[in-house]
Amino acid sequence: MKTTIIGYPRIGCNRELKRATESYFQNRISPENLNEEARALRKTHWEKQIRKGIDFPVSNDFSFYDTLLDTALLFGLIPERFATLPQDPLIRTFAMARGYEKNGYQASALAMKKWFTTNYHYMVPEVDESSRIGLSGHKPLTEFREALSAGLLTRPMLTGPYTLLRLTRFSGETSAEACAQGLIPAYGQLLSALGNAGAQWVQLDEPCLCLDMDADEKALFHSLYQSLGERNPGVKILLQTAFGDITRVYDSLSSLPVQAIGMDFVEGPDNLLKLESDGFPEDKILVAGIVNGRNVWRNNYKKSLDLLSRMSKHLPEERIWLAPSCSLLHLPYSLAPETALSHEIKEILAFAEEKMDELGELAILFSEKNPEKHSLLIRNQQRFGEAEKIPGRIIPDVRKKTSSLRGQSFRRMPDADTRKSCQQNRLRLPLFPTTSIGSFPQTQEIRAMRRRHRKGEVDQSTYETFLRNRTEECVRLQDDMGLDVLVHGEFERNDMVEFFGEQLEGFVFTENAWVQSYGTRCVKPPILVGDVRRPGPMTVDIWRFAENCTKKPVKGMLTGPVTILNWSFVREDVESTECLLQLALAIREEVLDLEAAGCGVIQIDEAALREKLPLKKKDWKAYLDHAVNAFRLCHDGVRPDTQIHTHMCYSEFGDILAAIDAMDADVITIEASRSALSLVDQLKESPYARDIGPGVYDIHSPLIPGEKEILSRLEILLSTFRPEQLWVNPDCGLKTRSQKEAEQSLRAMVNAAKTLRETY
Ligand code: GLN
Ligand code: ZN
């Protein structure tokens, strides 16, 4: 059996690309220097694949920002505002990714969206009437040749036409169908060029085949590939999918003019059922994604061998290539630099490099007559056996609690309307109450202090005094500005998930396991390895301190169970529904402790609730039921006069409205201004009854909103929301803003609320 991967991380094992790119942004290195760094990284990555025994290494998976953006640029999917930019590919790429402002020329960046259910963000291509669709670059060719000149035959990859069209925004008279007219010849031209340069295979990524597809979408997909087939001069095409099953198009696979099909057998178990019931096209290769490409655990060889033997009943092993379930982009590079993780835990982890070892080992094992006797399998089984002995994997007390909760649905008493009047009696808030989402600017000073504390250069008590001073300043400032419900500022948190992960039992943290989130931004998600338990209060002290600095109510700030889970690497040995209940119980304990300490307003952020919505609508209900129930468990024990807030970072609200309502929070704050108040239209038809704070200004922008601007947004909001339900707050936390930006914006916001009150 041959092995391949379908994409490799590109940021560099020490984030070299991030550093070089940021230096380039600051004009500290030249474009040539940046390109040199990129070439060196590509070479390292190819050599790594060869050294790990990968039979078919991949190219063009490198990107300075995002591969979908690269593909859009390659084929001229460029909106008018970027049309007159200099031709230089670096300038164009970064202009479209980050916005462009020079010599009076101004163009805002493309939108950014989450890539399927991962935490990676892609740039949303835009096409308008000015776009000239056609082959207008040579990145895949250049990188293919670059590898070839190093003696390596690679398989260039790029986004396929169906996924490209489905993820693109069309404006004016343009449409996917019209764009396809220009796009297919351009793909054809590129394939010829790659073939002439010596490429044998080209990989076209089509993860959108794992989404729901209506009849028109299926027709578009087929016509794209039929026309591509007619133009293809003979380079072989691998149609690569990921993140789910392709049962929607499985029936027609044999008629597709492609020579290999890549399927995800980890997240798309139905792929195997289809293969078993319908067989697999006789003239094609199956790229079998059996090693999880986006989670950090070792592969269980026994299970994979069972899977492979089921597959090989339907096609000969020469036609199966072993692969990860998706690009390794979503994994850290290597376990080698992790020195702080315990030996036992490292034994059961596998990052990108270790995943490539696993592919090779599985290929060896599959060719054995008696794999059970092979040392590789024995060793692999030992790893899983040892893992059971890792302390904290199963905590009987925790399991006892969750099993008594299983199958129950949680409900807070009394109903929301009754609660609202109890809360009003306690809090006595004015009309249009003002608040913020939680974090205040994480200044250089705060970051530096945290770094020094981590390194042990600053002792615990100095650090805590420092944090308290910042907190006190922050609370007094809000008081002075006239906000109604205050926050403590979250200075003690570097990240809203890591902060809780570090205080809960069940998580481990890496030192260097960075994963690209977007552009030069990387995240280092915690790894959930054991049962979750809360050893003691996590936020009560800092809340109490803040509360003592003011007469106004201070919100207790927590991250919700769904968000903690979705932003971590999750367990594979336990159902995620179990982990969710455990997390909800831990947050519930914190909620009750805050309440007992006198806290009357508690915010439980569920910033990531929407992100993990399953790709197919039929699976939404199950996901949302669990998510909503977990959230309700967090607050079903509080008194009627304790006000529960939640916060969400997106305003695609309409299609999950029932679920958001079912969370039964008293107040929701939600992003709205960044998306031009699209919330208002979404809620015109089906009004939302509870208290709601649609963000009145975009916190991502350094521009300071004026009072007038905020007032006019509030007027628009009042066309959809009743005055009694409307809160006034920014879109999200202020962590990334400067002190001055945060302060001036909040002052404008408070003034707008005051002005509005005068007319009601
Ligand atoms: N309370 C968090 C903050 O203000 C919420 C962040 C978020 O929604 N992503 O930073
Ligand atoms: Zn947010």
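Model, not experiment: these values are computed from the prediction.

Caption draft 1: Geometry of the pairing of strand E8 (residues 155-159). Within E8, five of the five residues are buried, which leaves it mostly tucked inside the rest of the structure. Across two bridges, the pairing between strand E2 (residues 58-59) and E8 is parallel. In the strand pairing of E8, Val58 is matched with Arg155. Looking at chain direction, E8 and strand E10 (residues 201-205) are connected through three bridges and run parallel. Residue pairing in the sheet places Leu158 in a bridge with Leu204 of E10.

Caption draft 2: Summary view of the sheet that holds strand E22 (residues 667-670). With parallel pairing, the five strands of this open sheet are ordered in space as E19-E20-E21-E22-E23. Each edge of the sheet is formed by a strand with only one pairing partner; in this case those strands are strand E19 (556-559) and strand E23 (691-694). When strand polarity is set aside, the average angle formed by the axes of neighbouring strands in this sheet is 20°. As judged from the four bridges shared by E19 and strand E20 (residues 601-605), these two strands associate in the parallel manner. When the sheet's bridge partners are listed, Gly556 is paired in E20 with Ile602. Of the strands in this sheet, E19 and E20 are in contact with helix H21 (residues 576-596), which crosses E19 at around 180°.

Caption draft 3: Here's a closer look at the packing of helix H17 (residues 460-481) against helix H19 (residues 540-547). Two numbers describe how H17 lies on H19: the axes approach to 9 Å, and their chain directions differ by 45°. Judged by the inter-axis angle, H17 sits oblique to H19. H19 is crossed by H17, and the crossing has right-handed handedness. Every residue of H19 that contacts H17 at Arg468, Thr471 and Val475 is listed here: Ile542, Phe545 and Ala546. Looking at the contact of H17 with H19 residue by residue, the classes come out as four nonpolar, one polar and one charged.

Caption draft 4: Region of interest: the UniProt feature "binding site: L-homocysteine" (unreviewed entry) in the protein chain. Residues given the UniProt feature "binding site: L-homocysteine" (unreviewed entry) here are Ile437, Gly438, Ser439, Glu490 and Asp605. In summary, the annotated positions, though distributed over 169 residues, converge in three dimensions, the widest C-alpha pair being only 12.9 Å. Following the sequence through the fold, Ser439 ends up in the loop between helix H15 (416-427) and helix H16 (444-454). When the 23 C-beta atoms within 10 Å are taken as the criterion, Ser439 is described as buried. The contacts of Ser439, once residues within four sequence positions are left out, are Gly489, Glu490, Gly733, Leu734 and Lys735. For Glu490, the position within the fold is in the loop between H17 and helix H18 (498-503). Assessed through the 23 C-beta atoms surrounding it within 10 Å, Glu490 is described here as buried.

Caption draft 5: Representation of the UniProt feature "binding site: 5-methyltetrahydropteroyltri-L-glutamate" (unreviewed entry) in the protein chain within the structure. In the numbering adopted here, UniProt assigns the feature "binding site: 5-methyltetrahydropteroyltri-L-glutamate" (unreviewed entry) to Arg15, Glu16, Leu17, Lys18, Lys114, Asn119, Arg521, Cys522, Trp567 and Glu611. These annotated residues cover 597 residues of sequence, and their C-alpha atoms reach 28.6 Å apart at the extreme, placing them across more than a single site. For Glu16, the contacting residues outside a window of four places in its chain are Glu37 and Leu41. Tracing the chain through its elements places Lys18 in helix H1 (residues 16-25). Other than its neighbours up to four places away in sequence, Lys18 contacts Ile11, Thr520 and Cys522.

Caption draft 6: Geometry of the sheet that holds strand E1 (residues 2-3). Strands sit in the order E1-E14-E13-E12-E11-E10-E8-E2 across an open sheet of eight strands; the sheet is parallel. The open sheet has two edge strands with one neighbour each: E1 and E2. Sheet contacts for helix H12 (residues 352-367): E1, strand E13 (285-291) and strand E14 (320-324); angle to E14, the most-contacted strand, approximately 155°.

Caption draft 7: Local environment of helix H26 (residues 739-758). In this model H26 runs 29 Å from its N-terminal to its C-terminal C-alpha over 20 residues, within 8% of the 28 Å that 1.5 Å per residue would give. Contact partners of the buried residues in H26: H17 and helix H25 (707-717).

Rules behind the numbers
- Residues numbered from 1 in each chain as written.
- Chains lettered and ligands numbered in written order.
- Predicted model: local features only at pLDDT ≥ 70, side-chain atom pairs only at ≥ 80, totals over all residues.
- Buried ≥ 20, exposed ≤ 12 C-beta atoms within 10 Å, placed from the backbone.
- Helix = DSSP H or I, 4+ residues; strand = E, 2+ residues; numbered from the N terminus.
- Pairing = 2+ DSSP bridges.
- Axes fitted to C-alpha atoms, helices over the stretch in contact; angles between N-to-C directions.
- Contact = placed C-beta atoms within 7 Å.
- Parallel < 35°, antiparallel > 145°, perpendicular 65-115°, else oblique.
- Left-handed = near helix turned anticlockwise from the far one by under 90°.
- Nonpolar A, V, L, I, M, F, W, Y, C, P; charged D, E, K, R; others polar.
- UniProt positions renumbered as here; feature names shortened; annotations may be inferred.
- Expected span 1.5 Å × (residues − 1).

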